[in-house]
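Coordinates in review
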Amino acid sequence: MSRLQIGFETIREILEHRLHQEDIERLLHGLDESGKAELFFRITELLRRTTALADIANRVNDSLSLDVLFPRLMEVVTEALNADRSSLFLHDPETHELFSRVVQGDAIGEIRFPAHMGVAGSVFTSGEAEIIADAYADGRFNQEVDRRTGYRTRNILCVPIRNKNHEVIGITQALNKNVGDFDSEDQRLLEALSLQASAALENARLFERVERQQREEAMLLEVSVSIVSEIHLDPLLMKIMAAATSLLDADRGTLFLHDAEHDELCSRVAGGIAREEIRFPASAGIAGECFSSGRIINIADAYADPRFNPDFDRQTGYRTHSMLCMPIVARGERKIGVMQILNRKGGAFCAADERRLRAFSAQAAVAIENAQLFEDVSAERNYNEAMLHSMNSGVLTLDAGGVLRKVNESAQRILRRRADELVGHPLERHFTGRNAWVVKSLEKVRAAGNSDITVDTDLFVEGAEAISVNLATVPLTSMRGESIGYMLMLEDITKEKRLRNTMSRYMSKTVMDQLLEGGEAVLGGTGRDVSVLFADIRGFTSISERLGAKETVALLNEYFTEMVDIVFAHNGVLDKYIGDMIMAVFGSVLQSKDDASNAVLVGNRMMAGLYQLNARRAARGGETIRIGVGISTGNVVAGNIGSMKRMEYTVIGDRVNLAERLEGANKFYGTSILVCDATWAAVKNHEPTREIDLIRLRGRDKPAAIYEVLGHHTERTFPHLSEVLDAFRDGLALYRQRDWTAAERCFRDAAAANPADEPSKIYLERCRTYARTPPPLDWDGVSSMKDRQ
């Protein structure tokens, strides 16, 4: 029997006395000298390996430190496998790296590389042991390591380290067997050694992890205590950055807070930089990416990272090597900022640094939120104080017992009392007698729990006339709905009341409210599209001479009362009286798309009101009157116009002049209401109208069409209206075509339908004149008002 036919299992059976004596003798009898030598070698090898397993058990059982375990285990593996050297790598699940502890001088250093790289990474990933007879022939082997160290790796045996759950937790590898190559027996031995050591390795890792966590917790507790006592934001941020750089043994750091209003990151604390605020968009740069993504960014070499901007280093003269950016996340996963730590003194930042900074940033987030809340509350308090100070309304706050606790300056002015005379006393002490209604308002709120509002009531103040006030009494409740007091708001409306009384003579309540609401903005000069109405009494000079002064004033008062009520009823503003003329404006204060329609409606209602007024005067034996109305629509300048001593809110512009001229043109055409083309365009679909003429106004070269509004007429005041309008429309078209005979026939029909229609008579006369003496060939049908005014 050759020596290759005797395996370790047979030898193990001999050593364990599982073979009978006769079986052993029969086995030895069949061996030659070479086989007997091989058998002796195998027995010796098995004993040595068994001793190695016992040795590794002895060496690891008394150690809980990885720094001690690594060199001990590698020493046992090297001896047991008769190798030149060996190494052991454990997997770090946090970084997904394989790491080993090696002696470097008098200290223990750490080697790390990605868990998928090289022969070790391949064995760890696959979980299968490998024997590599020629390392340089294997593409996974990194020859650069040999070139750097001057070592020559020939063969490799690499096996996975499995724990009791058969999970791969690392690898063990032996290099350069001293005699021959590694074989399957070496593999089984190394697997047995690795299995024997796995429990000790896991225990040591657990011990090291617990010990490290305890150290970190103690350190975090220490720095947390230092920041939790600070409530002011800027000093807190400085403490946080000092603690963070100390915790990570870094050179400096910067803390950026998120400004949600502008969506920017701003730094109020930056180590090594002059105290000035740095701002940039919340998505810009490395800090912006960290904030936007919510992920940690760990950069070992800042200048090798394209996201890093070296211009800042050049400006400050600083050199950034490594960088660790951590988002600061508050409750509810709300990101409030970024902590950026620079240049770890021991090299690049590691996973442990990330873990420590993450834990610290969670503590810092709570402290920052509290400081921000304190800053917001302080700002809100200052804002409320400033608001109370600047309010025109008087504010009085009372506690739940009805005792005054705070009064603002306006309340002191209204009540003519100092704060020290009011605060600290019950409300009943200051509001008695005729002012007891204030206390009754408080009692209503106490009983019902709802607000109480008292409008336009007299408040009697010592040493002054009664003032008009609005009072609002409201309950104050906590976040839990519990009553904590009451607030009284006094609005002094004395001046406004007087102003309203005055303004009510010129405009309706709706327009007045709009004017008061707009305040100075309304009174300032602005361009507005308005409709202007002029109404004038015909032959007033003669009437006044016949009536005398007393009757003339009575007539005007009766007439103005009737007409102004109509203006106010349709949101018009009484601009002014000009003798017996009324000027009203629609849209100068309260603008509406119906301004032109309202102006025309007022013109019609004025005519209808005039019929009723004349009927009443006639019944009394008084003299009746006639009026003319002119309306123009367009852009004017509206504002408070006049001298410093006397001003009035009015409108000026061409459209004002045009409305006045249209009113006067009624005398020539024998009409009652004339409007411009812009006004007609706004009402043509719902008002009976007719075009009267195409005229050229004084001071304006461009001709304009003017129209008569007929909505105020009845069958009695304008018989056969539709027949007249049809005949007049046809006649006007023929007239402009220079067909004088046909046009004359149409106007004759219109005049026959209503003999009192003056425009038909005017055109009838024009047709006869032009038939005798035709106008020039370039005649465009335009008339001039120069001879009519």
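Relevant structure appears above.
The structure contained in this document is the topic of the report that follows. Since the structure is predicted, the reported quantities are computational estimates derived from the model, not experimental observations.

This next bit is on the overall build of the protein chain. Along the backbone of the protein chain there are 25 helices and 26 strands. Looking at the protein chain as a whole, 44% of its 789 residues qualify as buried. Once local pairs closer than 6 in sequence are excluded, the contacts in the protein chain between residues at least 24 apart make up 57%. Only carbon and sulfur atoms are counted for the fraction: they give 51% of the accessible area of the protein chain, which is about 41,300 Å².

The full count for this structure, using the stated rule, is 18 aromatic pairs. Ring geometry for Trp 740 versus Tyr 770: centroids 5.1 Å apart, planes at 45°, classification tilted. Taken together, the residues Trp 740 in helix H24 (residues 740-753) and Tyr 770 in helix H25 (residues 758-772) connect sequence positions 30 residues apart. According to the relative accessible area criterion, Trp 740 is buried, its value standing at 10%. Overall, Tyr 770 belongs to the partly exposed group, its relative accessible area being 21%. Taken together, Phe 728, Tyr 735, Trp 740, Phe 747, Tyr 763, Tyr 770 and Trp 779 form an aromatic cluster joined through their ring pairs.

So, about the side chain of Ser 194. Summarising the element assignment, Ser 194 is placed in helix H7 (residues 184-228). By relative accessible area, which is 4% here, Ser 194 ends up buried. Looking at Ser 194, its side chain comes within polar contact range of the main-chain oxygen of Leu 190, at 2.8 Å. Once residues within four sequence positions are removed from consideration, Ser 194 is found in contact with Val 159, Pro 160, Ile 161 and Thr 172.

To continue, consider the pairing of strand E23 (residues 673-676). The alternating pattern of E23 places Ile 673 and Val 675 and Leu 674 and Cys 676 on opposite faces, both of which are buried. Pairing analysis gives 3 bridges linking strand E21 (residues 627-642) to E23, with the strands arranged parallel. Counted as the bridge partner of Val 629 is Ile 673 from E23. Inspection of the sheet shows E23 paired to strand E25 (residues 704-709) by 3 bridges, in the antiparallel sense.

Unlike most non-glycine residues, His 166 shows phi in positive territory, near 65°. With respect to the secondary-structure elements, His 166 resides in the loop between strand E5 (156-162) and strand E6 (168-177). Taking relative accessible area as the criterion, His 166 reaches 61% and is therefore assigned exposed.

Another point: the nonpolar core. Judged by nonpolar contacts, the single largest core of 35 residues is most densely connected at Tyr 559, Met 606 and Val 629. When contributions to this core are tallied by element, the ones reaching two or more residues are strand E18 (526-537), helix H18 (540-547), helix H19 (549-569), strand E20 (581-586), helix H20 (595-619), E21, E23 and E25. Looking at this core, the element that brings in the most residues is H19, giving 9 residues. Contact partners of Met 606, with chain neighbours within four places excluded, come to Leu 533, Ala 535, Met 563, Ile 566, Val 567, Ile 627 and Val 629.

All right, on to the packing of helix H23 (residues 721-736) against H24 then. Relative orientation of the contacting elements H23 and H24 amounts to 160°, with a least axis distance of 8 Å. Judged by the inter-axis angle, H23 sits roughly antiparallel to H24. The way H23 lies across H24 gives a crossing that is left-handed. For the pair H23 and H24, the contacting residues are Glu 723, Val 724, Ala 727, Phe 728, Asp 730, Gly 731, Leu 732, Leu 734 and Tyr 735 in the first and Trp 740, Ala 742, Ala 743, Cys 746, Phe 747, Asp 749, Ala 750 and Ala 753 in the second. Its residues assigned to classes, the contact of H23 with H24 comprises 13 nonpolar, 1 polar and 3 charged.

What follows deals with the side chain of His 712. Examined against the element boundaries, His 712 turns out to sit in the loop between E25 and H23. Of the residues examined, His 712 reaches a relative accessible area of 6% and is grouped as buried. Polar contacts involving the side chain of His 712 include one to the side chain of Tyr 611, which spans 3.2 Å. What His 712 contacts, discounting residues up to four positions off in sequence, is Asn 604, Met 607, Tyr 611, Ser 672 and Ile 673.

The next point concerns the pattern of salt bridges. Using the criterion set out here, one finds 35 salt bridges in the structure. Close ionic contact of Arg 112 with Asp 92 constitutes a salt bridge, the shortest N to O distance being 2.9 Å. On the criterion of sequence distance, the pair formed by Arg 112 in strand E3 (residues 107-114) and Asp 92 in strand E1 (residues 83-92) is long-range, its members being 20 residues apart. Given a relative accessible area of 9%, Asp 92 falls into the buried group. Across the pair Arg 307 and Glu 289 runs a salt bridge whose closest N-O atoms are separated by 3.0 Å.

On to helix H14 (residues 437-448), then. Every α-helix winds through 3.6 residues per turn, so residues three or four apart in the chain are directed the same way. Compared with an ideal rise of 1.5 Å per residue, which puts 12 residues at 16 Å, H14 spans 16 Å between its outermost C-alpha atoms and is within 8% of the ideal. Looking only at H14, the buried set comprises Trp 437, Val 438, Val 439, Ser 441, Leu 442 and Val 445. At its buried positions, H14 is contacted by strand E13 (394-399), strand E15 (452-459), strand E16 (467-477) and strand E17 (483-492). Where H14 ends, the next residue or the one after it, Gly 449, has phi of about 75°, a positive value.

Looking now at the sheet that holds E17. With respect to topology, 5 strands assemble into an open sheet ordered E14-E13-E17-E16-E15, the strand pairing being antiparallel. Either end of the sheet is taken by a strand with one partner, and the two such strands are strand E14 (404-407) and E15. Taking each pair of neighbouring strands and ignoring which way they run, the sheet shows an average axis angle of 20°. Pairing between E13 and E14: 3 bridges, direction antiparallel. Each bridged residue has a counterpart across the sheet, and for Leu 396 the counterpart in E14 is Val 407.

A grouping of Val 637, Ile 641 and Ile 652 is seen on the molecular surface, where their side chains present a nonpolar patch of about 230 Å² in accessible area. Take Ile 641: it is sitting in strand E21. What makes Ile 641 partly exposed here is its relative accessible area of 34%.

Moving on, we get to the environment of Ala 411. With respect to the element layout, Ala 411 can be found in helix H12 (residues 409-415). Residue classification places Ala 411 among the buried residues on the basis of a relative accessible area of 0%. Considering only alpha carbons, one finds Ala 411 and Asp 492, 81 residues apart in sequence, at a separation of 9.6 Å.

Our focus in this paragraph is the packing of H23 against H25. Here H23 crosses H25 at 30°, and the two axes come no closer than 11 Å. With respect to H25, the axis of H23 lies roughly parallel. Taken as a pair, H23 and H25 cross one another with a handedness that is left-handed. Counted together, Val 724, Phe 728, Leu 732 and Tyr 735 of H23 and Pro 759, Ser 760, Tyr 763, Arg 766, Cys 767 and Tyr 770 of H25 form the full contact between these two elements.

Tracing the backbone shows Glu 562 in helix H19. Between the C-alpha atoms of Glu 562 and Gln 612, which are 50 residues apart in sequence, the distance is 9.8 Å. Discounting chain neighbours no more than four positions away, the residues touching Glu 562 are Gly 609, Gln 612 and Arg 616.

About the cut-offs
- Residues numbered from 1 in each chain as written.
- Predicted model: local features only at pLDDT ≥ 70, side-chain atom pairs only at ≥ 80, totals over all residues.
- Heavy atoms only, no water.
- Helix = DSSP H or I, 4+ residues; strand = E, 2+ residues; numbered from the N terminus.
- Buried < 20%, exposed > 50% of the residue type's maximum accessible area, 1.4 Å probe, protein only.
- Contact = heavy atoms within 4.5 Å.
- Areas by Shrake-Rupley, 256 points an atom, 1.4 Å probe, with all protein chains shown as cover.
- Phe/Tyr/Trp six-rings, centres within 6.5 Å; stacked < 30°, edge-to-face > 60°.
- Polar contact = N/O pair within 3.5 Å; in protein donor to acceptor, adjacent residues only side chain to side chain.
- Pairing = 2+ DSSP bridges.
- Core = buried A, V, L, I, M, F, W, Y, C linked by side-chain atoms within 4.5 Å.
- Axes fitted to C-alpha atoms, helices over the stretch in contact; angles between N-to-C directions.
- Parallel < 35°, antiparallel > 145°, perpendicular 65-115°, else oblique.
- Left-handed = near helix turned anticlockwise from the far one by under 90°.
- Nonpolar A, V, L, I, M, F, W, Y, C, P; charged D, E, K, R; others polar.
- Salt bridge = Lys/Arg side-chain N within 4 Å of Asp/Glu carboxyl O.
- Expected span 1.5 Å × (residues − 1).
- Patch = residues over 30% accessible without salt bridge, like charges linked within 9 Å, V, L, I, M, F, W, Y side chains within 5 Å.

Spatial relationships are all this shows, so hold off on functional conclusions.
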